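Here is what each chain is made of, one letter per residue.
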Amino acid sequence: MTETEYQHPLMKAYWAQLDTGFEPIADVFEDVMAEALAILSREGIDAYLEAARVIGKLGRGVQPMLAFMEEWPTSAKTIGESGLPAIMAMIQRMQKSPNGKAITPFLETLAPVARKLRSQERMGRYLDIVLDFMERTTGSIHGHHTTFPSPGLPDFFAQAPFLLGQLTLAGMKNWVEYGIRNYRGHPERQKDYFSLQSADSRAVLQRERHGTLFMDVERKLDLYLHGLWRESEQLVPYSTAFDEMRRPVPYYDKLGMRIPDVYDDVILPLPLGEGRGEGAALDLALSVDSTLLPHPRPLPQGGRGEIRITGIDRYRVTLAHMVGHRRWTEAQIADNWSPFQRMAVEFFEDCRVETLLCREYPGLKRIFLALHPKPVEDACDPETTSCLRHRMAMLSRALLDPDHGYGDADLLDYVRRFHDLMATGIASTKEIAVLALSYVAKTRRQSDQLARVHFADTVVDYRDDNRQMWKFIEDSDDEEMFEKEKKRTPSEELKGLPPRHYPEWDYHSQTYRPDWVSVYEALHPKGNPADIDKLLLKHGALAKRLKRILDLLKPQDKVRIRYQEEGSELDLDVALRSLIDFKGGATPDPRINMSHRTNGRDISVMLLLDLSESLNEKATGGDQTILELSQEAVSLLAWAVEQLGDPFAIAGFHSNTRHDVRYLHIKGYSERWGDDAKARLAAMEANYSTRMGAAMRHAAHYLEARPADKKLMLILTDGQPSDIDTNDEQLLIEDARQAVKELDRKGIFTYCISLDPKADEYVSGIFGRQYTVIDNIQRLPEKLPELFLALTK
Amino acid sequence: MSTDKEQYKVHQQPYYQAQGKEVTLYEAAYRNRLPVMVKGPTGCGKSRFIEYMAWKLDKPLITVACNEDMTASDLVGRYLLEANGTRWLDGPLTTAARIGAICYLDEIVEARQDTTVVIHPLTDHRRTLPLDKKGELIHAHPDFQLVISYNPGYQSLMKDLKQSTKQRFTAFDFDYPDTALETTILAKETGLDEATSAKLVKIAHTARNLKGHGLDEGISTRLLVYAATLIKDGVDPLDACRMALVRPITDDADIRETLDHAIDATFA
Ligand SMILES: Nc1ncnc2c1ncn2[C@@H]1O[C@H](COP(=O)(O)OP(=O)(O)O)[C@@H](O)[C@H]1O
Ligand SMILES: [Mg+2]
C-alpha cells in the first residue's frame, strides 16, 4: 500500500475522507475527482466520498468501489445527486443477500443506465424492477432459503443499458417477468435468458418493443420546438404504465416539459360517412390506450381505410399544446372557483389555444381531431351519472371539429359564441373563462354532483394537466422560504480546508515576504442557474452578433493552398497539367505552386473576478449594480468561450487581510458551462477587499498546469488593489505588478479589464499596456466578450 | 485597347423590392464614387440590388464571382503564353477600371487575402490600378466604382476581410426581408399568389430558427423563389418545398424530417 501525497490541500482532504489504501483507486483518484468536482455540489462531494468509503469497506475488494467512483458523478448528472440514497439502499440490499457479487456489475452500468433513464422517478422504477427480480430469483431453488444468489442478476445488469435502449421500463419489466416466470427453477436457463442468449429471450424482447421511444426522437423534438415554435425547453420523459390507478399526464413547470417515454401509433378507421354509427366505431379505437395494456401488441399496419397518427406526431402535438399555453394562457386565480368551474375553464382554454395553434400551422388540426375523442351524444345518462365531463368533452370536440354532428341546442349556441369571440383576435384566458362559467351555469344539472362520473371518451391525452393555468393565493410564499434557506455567509463556507500560502512583494526592500498571504479556496455557493439563462436571454440580440464573430474564430487545421503563382513548393499535378497544355498549344495555367498554412487555436483562459465590496455600488447611468453588470458580462463571455471550445475557468476573489484571501471556484476547466457553473455565477456576491496579487498567483497555478500554447488570464476589476491591513496604497499595487511579471515569465498573458474611471492613475503601472478601461459600464456585457475575441483573434 | 461598354449594360429593368433607403443611399455613394460593401447571408438579394442599381444608373456592370483559387492575376490580368510569344490579357477589374463600369466582386472573402490587396489603390483618392507585371498604371475611368459583397455569418477567421480593407468601404447591411416584404417579393417575382407565398416564407422561418442547431444557413430568398417557381409551374407544393427548400440545405435526417413536418403542417 502506498501513502499517497496530494499537493493540493483540497485533494489531500478529499483523499483523507475516502480512507482507503486501494492502489487502483489512487491511480484514478485525481481524474474522478476532477469530474466529480465539476458535476457535484459541495454536499454532493461529501456524500460521494462517504458512499465510496462505505463501498470500499464492504469486504468485496476494490472493484465495487472503483466502479462506483467512476460511475456516480456522470450518473448524478442525469438523475441528480439526490438519487444517491436509493442507490446505496440497493447496494445494502444486495450486500445483505447472497447477491453481493452483483454489486460490481450493478455499479458498472449505472451511468449508462442513468443516461437512458434521465430522471430519478424512472431510476426508482428501475430499482424496483431490480429488487423484485432479485428477491424472486434468489435462493428459491429446491425451496432452500437465501443460500443461492440470483443466477441471472449479474448478466441482467450487463444487459441493462442495451435493454433500456430498446424498451420502455414497462417493456423491461415484462421481459424480466417472463424470464422469472418461466425459468424460476432452472438456474442455467435463467443465465441464458437474462444474458439475452436464449431464443425466447430475444423473441420476448422483440415483442416488447413497440411505439416511438422518447429517447429515439429527442433531437427531433428539440428541433421541432426550435424550428416551428422558437422555443427551447428541457424535455423530461416519465414512465408510462406503472400507475395503474392514475395515468400520468403531460405537464410543464420550471424544470421542463414532461412527456411520456413512449407513444404508440394510433390507428383509426377512416370515417366514411357521418352519423352516430361511425362515430361509435371511432370512439372504440380511441378509447383504447395501448400504453395501458399489460402486453401491448404491435398495432396492425395502417392501410387503406385507416388513419395512422405516428408516435412522433403525438409527441409533436403534445408539445404544441403546451407551447400554446405558454404563449397565450395567463394564469388565473383559482381560489374563487369550484372544481367544476375550473374544469370547464380548462376545456375552453385548451380549445382556445388549439384554435390559435391551428392558425399558425393548419396541418395540426388533422392530428388534433384524430386524437381527440368523439363522445357519443347520448352515452351518458344524467339520471344516474354525473355528465359534466361528458358535456365538456363533447363541447371540446365541437369547438374544434366543424363536422361534429351534435344536435344539443346549448352546445351549438356556445360553439357559435366561442367562434365569435375567437373571430375578434386571440381573445384572452379571462374572456374565455367568462364564457366557460356561463356555459356551466347554463347547462348545470343536479346530477352533476353525483359521485359516479362518466369518464369514457372524455380524456384528451395529448393535453397537459393545466397546472400552469392556476394561481393559488393561499400558499404562495414557499419561494421566499426557499430563498432564505439558501443564503450562507462565505466564511462558513470556507473554513475547514487548509489554506495555501503565497509570498507578497515588498517594494521598499525589493524582496518577497515569504508565505505572507493565506489563500482559502472553496466552491462558490450555488444559486439558481435559470437566473443566468435569463440574463443570456436578455442579451439574445448581442449573443446573435457575437455568434457571427465566434464563427469567424472557429479553429481550422493545417491547410494547403494550391494554385499559386508564387508558393513554397511545386504542385506537381497542376504543373504537369500546365506543361501538357503548353505543349499542346493551349494556354497553360501559371499557378503551379502551392504553400501551407496552419491555423490552430490552442488557448486556455482564466477569468478572475474581483468580488470586493465596491461592486455592490450602482453603476453610473443605470440602476443595476456593477456586480449585476459583471454577472451579465461574465455569462456572455462564458457562453462565447464555450462556443469556441477554448478551455476556460472562472474564479472570484476577495480578501479580508492577508490572513484571509478567498478564492472562489466558479467554473473549472474540466467542467462544462452548464447548470452547476451557472448556479455558482448566479449566487455571486461582493464583499471585503481586493488583494489582487495573491489571487492572481493562485489562479496562475491552475493556468500553468494547462497544456495550452497560449494562456490568457483576464482580470475583471473595479478598483485598485487594496486591503484593510495595508495603509500604504502603493504596496499592493506594486505586488500586483510583480505578480504580472511572474506570470509573464510563466508564459501567461495577463490582461486587465478595469471598470474604475480613475484607473488611468495606476492600471498601466501594473499591467503595462495590457488593459482596457471601460468607461461606460452599461456596455460591459457587450464589451467583455468582444474584448476577449479581439484578444484571441 | 477598346472594349464595348454596351455589352456590360443591364438593359432590362430588374425587379428589385427595396427593403429600406438603400436605393437613394446607393445613388449618393455612386455620385461620390465611394466604394460600397454589401453584407448579408447568401441569397438575400445583394446581387439583385447591385444589378438593379447598375440599371438605374445606366452604367456597365462587371460581376466577378470570387473563389478560393482566385489570385490577384485573375482580377488584374496576366500574360498568356502562346506558341509564338506572350500576350497580355486584362482581368475583369482592369477592364472595369478602363471602361468605367461598376465592378462587383461577389463573395470577396472567398478569394485569398493577398488578392484583396490589389483593390486598395482603387478605393482611395488615387483611383489607380498598378499592373506590376506589365509596368502600367491605370487611372480609373471617372464612372468606375468598386462594389464588394460578403457574408459575415459564414466565413472563417482566415477568410475575414482585413480591417484595413473594410475601412475603405461604405457598407449596407442586408438580411432576409421581413415576412411581408419577402412574401411580396415571391409573389411579384414568380406570379405565385400571396397566400401560398406567405406559407413558403413561414417554412423559411422554421429553417432560419434552426440556424446553429445543425443548420449553418437557413432557407434563402433565392430558394424560396425556386420553390415558388415550381409551384407556379404546377408542381405539388409539398413536393416543391421538399425539393427546393429542404433537400438543398441539409443532409441531417432529423432536420429534414422536422422541416418536412413543417411543410405538411403549413400546407394543411
Ligand atoms: N429585394 C429583392 N427584390 C427582388 N428580388 C429579390 C430580392 N431579394 C431577393 N430576391 C430574389 O432572391 C434571389 C437571390 O438574390 P441574390 O441577389 O442573388 O442573392 P445574394 O446576392 O444575396 O446571394 C434573386 O434572384 C431574387 O429572385
Ligand atoms: Mg392544456
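All of the points below concern the structure found in this document. (Residues numbered from 1 in each chain as written. Chains lettered and ligands numbered in written order. Predicted model: local features only at pLDDT ≥ 70, side-chain atom pairs only at ≥ 80, totals over all residues. Heavy atoms only, no water.)

Within chain A, the secondary structure is distributed over 31 helices and 20 strands. The buried share of chain A, taken over its 793 residues, is 54%. Once local pairs closer than 6 in sequence are excluded, the contacts in chain A between residues at least 24 apart make up 74%. Carbon and sulfur atoms provide 51% of the accessible area of chain A, an area that totals close to 36,200 Å². (Helix = DSSP H or I, 4+ residues; strand = E, 2+ residues; numbered from the N terminus. Buried < 20%, exposed > 50% of the residue type's maximum accessible area, 1.4 Å probe, protein only. Contact = heavy atoms within 4.5 Å. Areas by Shrake-Rupley, 256 points an atom, 1.4 Å probe, with all protein chains shown as cover.)

This part is about the packing of aromatic side chains. Applying the stated criterion to the full structure yields 30 aromatic pairs over all chains. Residues Phe156(A) and Phe157(A) carry aromatic rings whose centres are separated by 5.8 Å and whose planes lie at 55 degrees to one another, so their mutual orientation is tilted. Judged by its relative accessible area of 0%, Phe156(A) falls in the buried class. Put simply, the rings of Phe106(A), Phe133(A), Phe156(A), Phe157(A), Trp175(A), Tyr178(A), Tyr183(A), Tyr193(A) and Phe194(A) pair up and form one aromatic cluster. Above the face of the Tyr176(B) ring, Arg208(B) is positioned so that its terminal group lies 3.9 Å from the ring centre. (Phe/Tyr/Trp six-rings, centres within 6.5 Å; stacked < 30°, edge-to-face > 60°. Lys NZ or Arg CZ within 6 Å of the ring centre and 35° of its normal.)

Moving on, we come to the site of ligand 1. Residue and element names in this part refer to chain B. Within the structure, ligand 1 sits among 16 residues, and Gln17, Gly43, Ser47, Arg48 and Glu189 are positioned closest to it. Take Gln17: an N or O atom from its main chain is 2.8 Å from a nitrogen atom of ligand 1. Separating an oxygen atom of ligand 1 from a side-chain N or O atom of Arg222 is a distance of 2.9 Å. Contact with the protein chains hides 92% of the accessible area of ligand 1, taken as 560 Å² for the molecule alone. Listing elements by their share of the shell around ligand 1, those giving two or more residues are α2 (46-57), α8 (179-190) and α10 (221-232). Grouping the amino acids of the shell around ligand 1 by side-chain chemistry returns six nonpolar, six polar and four charged. (Near = heavy atom within 4 Å. Polar contact = N/O pair within 3.5 Å; in protein donor to acceptor, adjacent residues only side chain to side chain. Nonpolar A, V, L, I, M, F, W, Y, C, P; charged D, E, K, R; others polar.)

What follows deals with the interface of chain A and chain B. Contact with chain A, which involves 34 residues of that partner, is made by 35 residues of chain B. Both sides together, the interface formed by chain A and chain B hides about 3,300 Å², and carbon and sulfur atoms give 54% of it. Run the count over chain A and chain B and you get six salt bridges. Taking the shortest distance from any N to any O, the salt bridge between Glu257(B) and Lys220(A) comes out at 2.8 Å. Taken together, chain A and chain B are joined by ten residue pairs in polar contact (both at pLDDT 80 or more). Sorting the residues of the side of chain A that touches chain B by element identifies α13 (214-229), α15 (311-328), α24 (540-553) and β12 (559-564) of chain A as the ones contributing at least two each. (Buried area = accessible area lost by both parts, 1.4 Å probe. Salt bridge = Lys/Arg side-chain N within 4 Å of Asp/Glu carboxyl O.)

Before going further, it helps to spend a moment on a nonpolar patch on the surface. Residues and elements named next belong to chain A. A grouping of Leu570, Leu572, Leu576 and Ile580 is seen on the molecular surface, where their side chains present a nonpolar patch of about 420 Å² in accessible area. Ranked by residues supplied to the nonpolar patch, first place goes to helix α25 (residues 572-583) with three residues. Relative to the assigned elements, Leu570 resides in strand β13 (residues 569-570). (Patch = residues over 30% accessible without salt bridge, like charges linked within 9 Å, V, L, I, M, F, W, Y side chains within 5 Å.)

Summarising burial for strand β15 (residues 603-610) of chain A: eight of the eight residues are buried, a large majority. Going residue by residue along β15(A), you find Ile603(A), Val605(A), Leu607(A) and Leu609(A) tucked away on one face and Ser604(A), Met606(A), Leu608(A) and Asp610(A) tucked away on the opposite face as well.

Turning our attention to the sheet that holds strand β5 (residues 102-106) of chain B. All names here are of chain B. Overall, parallel pairing links the five strands, which are arranged β2-β5-β8-β1-β9 in an open sheet. Of all the strands in the sheet, the pair left with one neighbour each is β2 (61-65) and β9 (170-173). Pairs of neighbouring strands in the sheet enclose a mean axial angle of 20 degrees, with direction left out of account. Strand contacts of α2: β1 (36-39), β2, β5 and β8 (145-150), with the helix running at about 175 degrees to β5, the strand carrying the most contacts. (Pairing = 2+ DSSP bridges. Axes fitted to C-alpha atoms, helices over the stretch in contact; angles between N-to-C directions.)

To continue, consider helix α1 (residues 9-18) of chain A. In an α-helix, one turn spans 3.6 residues; hence positions three or four apart end up facing the same way. Residue and element names in this part refer to chain A. Taken together, the buried positions of α1 are occupied by Pro9, Leu10, Met11, Tyr14, Trp15 and Leu18. Looking at the packing, one finds that the buried side of α1 touches α2 (23-39), α3 (42-56), α4 (63-79), β10 (500-506) and β11 (511-523). Positive phi appears at Asp19, one or two residues downstream of α1, with a value of about 50 degrees.

Let's shift gears to the side chain of Glu231(A). Residues and elements named next belong to chain A. Here Glu231 shows up in the loop between α13 and β2 (235-238). Owing to a relative accessible area of 12%, Glu231 belongs among the buried residues under this scheme. Residues in contact with Glu231, not counting those within four places in the same chain, are Leu225, His226, Val323 and Arg326.

Attention now goes to the packing of helix α23 (residues 529-538) of chain A against helix α26 (residues 626-644) of chain A. All names here are of chain A. Close contact between α23 and α26 brings their axes to 9 Å; oriented N to C, the two are set at 80 degrees. When the interaxial angle is binned, α23 and α26 end up roughly perpendicular. Two secondary-structure elements touch here, α23 through Ile532, Leu535, Leu536 and Lys538 and α26 through Gln631, Glu632, Ser635, Leu636 and Trp639. Looking at side-chain class alone, the contact of α23 with α26 contains five nonpolar, two polar and two charged residues. (Parallel < 35°, antiparallel > 145°, perpendicular 65-115°, else oblique.)

Right, let's get into the sheet that holds strand β20 (residues 771-773) of chain A. Residues and elements named next belong to chain A. Across the sheet, eight strands lie side by side as β10-β11-β17-β16-β15-β18-β19-β20; this open sheet has mixed pairing. The sheet terminates laterally at β10 and β20, the two strands that pair on one side only. Averaged over all pairs of adjacent strands, the angle between strand axes in this sheet comes to 25 degrees, irrespective of strand direction. The sheet contacts of helix α27 (residues 675-682) involve β11 and β17 (661-667), and relative to β17 the element is tilted by about 140 degrees.

Another point: the side chain of Asp723(A). Residues and elements named next belong to chain A. Along the chain, Asp723 turns up in the loop between β18 (710-717) and α29 (729-745). For Asp723, a relative accessible area of 6% puts it in the buried group. Within polar-contact distance, the side chain of Asp723 engages the side chain of Arg691 at 2.8 Å. When sequence neighbours within four positions are dropped, the list of residues in contact with Asp723 reads Ser655, Asn656, Thr657, Arg658, Ser689, Arg691 and Leu732.

Attention now moves to unusual backbone geometry. Residue and element names in this part refer to chain A. The phi dihedral of Arg118 falls on the positive side, at around 75 degrees, and the residue is not glycine. Secondary-structure assignment places Arg118 in the loop between α7 (110-117) and α8 (120-137). The backbone of Thr657 sits at a positive phi, close to 80 degrees, despite the residue not being glycine. Mapped onto the elements of the fold, Thr657 is located in the loop between β16 (648-655) and β17.

Counted at 1.5 Å a residue, the expected span for helix α9 (residues 153-166) of chain A with its 14 residues is 20 Å, and the 19 Å between its end C-alpha atoms agrees. Burial in α9(A) covers these residues: Leu153(A), Phe156(A), Phe157(A), Gln159(A), Ala160(A), Pro161(A), Leu163(A), Leu164(A) and Gln166(A). (Expected span 1.5 Å × (residues − 1).)

So, about the environment of Arg247(B). Residues and elements named next belong to chain B. With respect to the element layout, Arg247 can be found in the loop between α11 (237-246) and α12 (253-266). Residue classification places Arg247 among the partly exposed residues on the basis of a relative accessible area of 37%. Taking the C-alpha atoms as reference, Arg247 lies 9.8 Å from Leu259; in sequence the two are twelve residues apart. With residues near it in sequence (within four places) discarded, Arg247 still touches Arg242, Arg256 and Asp260.

Moving on to the environment of Pro24(A). Residue and element names in this part refer to chain A. If you trace the backbone, Pro24 turns up in helix α2. A C-alpha to C-alpha distance of 7.6 Å links Pro24 and Leu66, two positions 42 residues apart in sequence. Those residues within four positions of Pro24 in sequence are excluded, and the remaining contacts are Val62 and Leu66.

We now examine the state of the cysteines. Residues and elements named next belong to chain A. Summed over the entire model, instances satisfying the criterion amount to one disulfide over all chains. With its sulfur 2.0 Å from that of its partner, Cys380 forms a disulfide with Cys387. In this structure, the disulfide formed by Cys380 and Cys387 twists by about -90 degrees around the S-S bond and is classed as left-handed. Like Cys387, Cys380 is buried. (Disulfide = S-S within 2.5 Å.)

A few words on the nonpolar core. Residue and element names in this part refer to chain A. Phe106, Tyr126, Phe156, Met172 and Trp175 are the most contacted members of the largest nonpolar core, which totals 71 residues. It is α2 that contributes the most residues to this core, nine residues altogether. In this view, Trp175 contacts Phe156, Leu163, Leu167, Tyr193, Phe194, Leu196, Ser201, Val204, Leu205 and Glu208; residues no more than four positions away in its chain are not counted. Membership of the second largest hydrophobic core comes to 68 residues, among which are Tyr252, Val317, Val345 and Leu356. (Core = buried A, V, L, I, M, F, W, Y, C linked by side-chain atoms within 4.5 Å.)

Nothing here speaks to function; it is geometry throughout.
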